[in-house]
Amino acid sequence: MERKIRVGVVGLGWPGQRHLEAYLKHPQVEVIGLCDTNPVLLASIQSKYGVERGYGDFDDLLAVDELDAVSICTPNFLHQPMICAALAAGKHTLCEKPLAATLAQGELAAMAARESDRICMIGFSRRYREDSRLVKSLVDAGELGQIYHVRTGWLRRRWNPSVQGWFLSKQLSGGGPLIDLGVHMLDLALWFMGSPKAVSVSGSVSHHLGNTLSQTSSIDVEDLASAYIRLDNGATVILETSWVSYSGTGDHIFCQLMGTHGGAKIEFSAPTPVPPLEVYVDHAGVPLAAIPALPVGHETADVHFFNEISEFIAAIQENRQPASPIEHGLEILRILDAIYRSAETGAEIRLDRSSELAVAV
Ligand SMILES: NC(=O)c1ccc[n+]([C@@H]2O[C@H](COP(=O)([O-])OP(=O)(O)OC[C@H]3O[C@@H](n4cnc5c(N)ncnc54)[C@H](O)[C@@H]3O)[C@@H](O)[C@H]2O)c1
């Protein structure tokens, strides 16, 4: 039997606790220690989950010799320094989305990962849902033909009160709903299509409702963003995302693929009786909308975080690239950076790939 992988988690907010629960359920994992700068939260999570060792300083967790791997679930501005520190300490690293708060930080982290022999994975948790996996398997099997257009987004109607503090500072978060929610949906769109690269981006951001509805006046991030993205395989993506907007009744979270032989639409937020996933194909000349049968309980966060953690552990054990490698996180940051630049200049941004091609040659 293989030796258990010994892990730690830093940052014990909602996602940190999901990582921890998934590790505790995994038969080949031993949780060695937890880290958070909030001592009250740290003590309560240690006691709730029965984890003996707790640290207020990340360096102290990294100094634990037997630790193999860490999950980084801290605010966005800490992702890059923590990825670099963890890799330098020889630990496999799973970092929450986004890879970093800025493209420059993302490039630094990706460089550290390229120079390291440790696994470095980004927690694009939506990929690890059963409905997303089913769509990916249909696309990969060629059932939908060539995907040439995707509409995707996460439009939130009402401000979520847990979005506060560092989330509202561009310097600390890197942006608003685009880097918080849009990052998931853009990642899904690209992943479904086999990770094509963006060649040009036109984007826009709005600041109309955030300050009035968030009960704070110190927000310097957008409250809505939209973008039109052209990819190097000829396909296009339309992305829309908001933290607050007159867009519906709750959170509208969707990804709709249009291919040459078929299509698919996921509505993660669909209230019953709207089906969460539909597949569109022609059969004997008849246009059909099929509703795939998914396992009971497939939509819960427990399931997709367990799938994500299992992929991280498998990549470590098999010493291979994880399914959501750091380079995918970097491509997303390149696009987000171009969306923000396009919004600022009012012009389309072309992404120059010549330096990457030079490296590839
Ligand atoms: N995958 C998902 O579905 C999902 C969901 C929510 C958030 N996230 C991501 O997870 C990250 C954390 O988000 P959150 O909502 O938990 O934020 P949060 O602010 O609620 O929690 C962050 C935690 O990190 C701790 N922390 C801050 N600085 C620290 C440091 N230097 N060392 C150790 N601990 C430190 C804080 O005390 C806090 O407990 C963000 O990057 C966010 O984008 C992902």
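Residues numbered from 1 in each chain as written. Predicted model: local features only at pLDDT ≥ 70, side-chain atom pairs only at ≥ 80, totals over all residues. Heavy atoms only, no water.

Caption draft 1: The arrangement of the nonpolar core in detail. The biggest cluster of nonpolar side chains holds 83 residues, and the ones touching the most others in it are F58, L99, L186 and I229. Here this core gets 11 residues from one element, more than from any other, and that element is helix α8 (residues 177-192). In terms of domain composition, this core takes at least three residues from each of domain 1 (5-118) and domain 2 (127-302 + 334-350). Excluding residues within four positions of it along the chain, L99 makes contact with H79, Q80, I83, G106, A109, I122, I326, G329, L330 and L333. In terms of nonpolar packing, the next biggest core, distinct from the first, is built from 25 residues, V51, L94, Y128 and I316 among them. (Core = buried A, V, L, I, M, F, W, Y, C linked by side-chain atoms within 4.5 Å. Buried < 20%, exposed > 50% of the residue type's maximum accessible area, 1.4 Å probe, protein only. Helix = DSSP H or I, 4+ residues; strand = E, 2+ residues; numbered from the N terminus. Domains from an automatic or database assignment. Contact = heavy atoms within 4.5 Å.)

Caption draft 2: The arrangement of the pattern of salt bridges in detail. Within the structure shown, the criterion is met by 17 salt bridges. Between E311 and R320 there is a salt bridge, and its shortest N-O distance comes to 2.8 Å. Shared partners join several salt bridges into a network, and the residues in it are R3, R6 and D68. (Salt bridge = Lys/Arg side-chain N within 4 Å of Asp/Glu carboxyl O.)

Caption draft 3: Broad picture of the packing of aromatic side chains. Under the defined criterion, the tally for this structure stands at 4 aromatic pairs. With a centroid separation of 5.7 Å and an interplanar angle of 75°, the aromatic rings of W14 and F305 are classed as edge-to-face. Of this pair, W14 sits in helix α1 (residues 14-25) while F305 sits in helix α10 (residues 301-318), and the two are 291 residues apart along the sequence. Arranged with centres 5.5 Å apart and planes meeting at 70°, the rings of W159 and W243 form a pair that is edge-to-face. Pair noted here: W159 is in the loop between β7 (147-156) and α7 (170-173) and W243 is in the loop between β10 (236-242) and β11 (251-259), with a separation of 84 residues, a long-range link. In this structure, W159 and W243 share a single accessibility class: buried. Here R126 stacks its cationic end above the ring of F268, 5.0 Å away from the centre of that ring. (Phe/Tyr/Trp six-rings, centres within 6.5 Å; stacked < 30°, edge-to-face > 60°. Lys NZ or Arg CZ within 6 Å of the ring centre and 35° of its normal.)

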